[in-house]
Amino acid sequence: MSFTQEEYKEKIIALKQKLDVTIVAHFYQRDEVFEMGDITGDSLELAKRTMDDDAKFVLFCGVGFMGQSVKVLSPQKRVVMPKIACCAMARMIDSLYFDDSVKAMNNQGVLTENILPITYINSNADVKAKVGQMGGMVCTSSNAKKIITSAMKEGKKILFVPDRCLGQNIAIDMGLKSAVIGIDEDLASADIICYDGFCSVHQLFTLDDIKFYRKKYPGILIAVHPECDPSICAKADFVGSTSQIIKYIADADPEQKIAVGTEFNLVNRLRPKNTYVLSSTKPECPTMNETTLEDVYIALKAIDDGEPINEITIEEETAKWAKVALDRMMAL
């Protein structure tokens, strides 16, 4: 039996009041799902804020690796998801591909003990665990430069997974040399060696999009996420994480036109006027948009019935080392 959106909202609110559950929603979720969130934000912010929450159950509206991060950092909580949607970037690498990346560097004379891995938070727990075991850590788009700056002090080669664009953009910003495994032949001379992963949404933005907006609206500002290709970031007025983009636009003159290169649902909520999506197509993350109000209701009803669905579980050893990698980041 299906209900209208308003009916689903009423039922969700009623179940939230009844159950020991906190609904957590990422910025990229559909508006109607995002509005149901008790805690909202980007991936790391959600995991950190959930650590301080007292509810027994966390209903996480986002993608799989985010639910895993909550479980790793708060193992005592029961983490369930309306949909265990999988980030396309996170699916591009697993522990075996990680091992292959290390071997690719070994084959060019870089010894394993001279490699310090850093994984973008957009990765699954098995990859975070591999990174943790090798002495590495996690980063986000907002702290990647700080994390890499600290890591460089060890005098090792940085293996950056899985987003090549974020790795390349940080290298450019820091005046370092980067190389991409499988694309660039010379890995050994690079400071940051990147895995060839990417965000399909942020790959949609093109130089033609920037030219179009600059021509149509003289004086417009271009703000993009560092998951965009380096050629796009080089032509932007501002490059920042989701939270940094939100602040950038909030601090700007309301009359200032800004075209934003990131996920549509976020851009659409930023402010009512003078904000544009930097794309001729709708840059909507398909996996982030899988979760519906009906899914949220069904997941809450399952908790109420004593049979939770889509619960996140992580093997103990994997969780242990993934937490090490996350803890090293948070210590900085």
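Presented here is a report on the structure given in the accompanying data block. Because the structure is predicted, anything quoted here is derived from the model rather than measured. Residue indices follow the written sequence of each chain, beginning from 1 at its first position. Local features in a predicted model are, by the rule used here, given only for residues with pLDDT of at least 70; side-chain atom pairs are given and counted only at 80 or more, and totals for whole chains, interfaces and linings are based on all residues. As a convention, hydrogens and water are excluded, and side-chain values are obtained from all of the structure's heavy atoms.

Attention shifts here to the side chain of S141. A run of H or I in DSSP counts as a helix once it spans at least four residues, and a run of E counts as a strand once it spans at least two, with each numbered from the N terminus. Looking at the secondary structure, you find S141 in the loop between β6 (137-139) and α8 (144-152). Only protein chains enter the accessibility calculation, which uses a 1.4 Å probe. A residue is then buried if its area is under 20% of the maximum for its type, exposed if over 50%, and partly exposed in between. Residue S141 is classed as buried on the basis of its relative accessible area, which comes to 14%.

Moving on, we come to the side chain of K9. Along the polypeptide, K9 turns up in helix α1 (residues 5-18). Residue class for K9 comes out buried when judged on its relative accessible area of 14%. We call two residues in contact whenever any of their non-hydrogen atoms come within 4.5 Å of each other. Ignoring sequence-local partners within four residues, the contact set of K9 consists of E32, E35, M36 and L293.

Of the pockets and cavities examined, the largest pocket occupies roughly 440 Å³. For the lining of the largest pocket, the secondary structure elements donating two or more residues are α3 (43-51), α4 (64-73), α5 (88-91) and α12 (242-251). Ten residues, namely Ala, Val, Leu, Ile, Met, Phe, Trp, Tyr, Cys and Pro, are considered nonpolar, four, namely Asp, Glu, Lys and Arg, are considered charged, and the remaining ones, Gly among them, are considered polar. Tallied by class, residues from the lining of the largest pocket come to 15 nonpolar, 13 polar and four charged. For the second largest pocket, the calculated volume is near 260 Å³. Cavities and pockets are defined on a 1 Å grid built over the protein atoms alone: a cavity is a set of grid points where a 1.4 Å probe fits but cannot escape, while a pocket is an open set with protein on both sides within 12 Å along at least five of seven lines, and lining residues are those with an atom within 4 Å of any such point. Forming the walls of the second largest pocket are 15 residues, and the residues nearest its centre are N169, I170, D173, P226 and V239. Taken together, the elements giving at least two residues each to the lining of the second largest pocket come down to α9 (164-174) and α11 (230-234). By residue number, the principal contributor to the lining of the second largest pocket is α9, which donates four residues. Grid points are joined across faces, edges and corners, and a volume is the space filled by probe spheres set on the points.

Looking at the secondary structure, you find G67 in helix α4. A relative accessible area of 0% places G67 in the buried class. Filtering out sequence-adjacent residues up to four positions away, G67 remains in contact with F60, V79, M81 and I312.

Within 6.5 Å between ring centres, the rings of Phe, Tyr and Trp (the latter by its six-membered ring) count as paired, and their orientation is classed by plane angle as stacked under 30 degrees, edge-to-face over 60, tilted in between. Counting across every chain of the model gives nine aromatic pairs. Measuring from centroid to centroid gives 5.4 Å for F3 and Y8, while their planes differ by 90°, and the two rings are edge-to-face. Here F3 falls in the partly exposed class, since its relative accessible area comes to 21%. The exposure class assigned to Y8 is buried, which follows from its relative accessible area of 6%. Put simply, the rings of F212, Y213, Y217 and Y276 pair up and form one aromatic cluster. Above the face of the F3 ring, K11 is positioned so that its terminal group lies 4.5 Å from the ring centre. A cation sits over an aromatic face here: R269 above F34, 3.9 Å from the ring centre. Here, a charge over a ring means that NZ of Lys or CZ of Arg falls within 6 Å of the ring centre while also lying within 35 degrees of the ring normal.

By themselves, these observations are geometric and do not establish any function.
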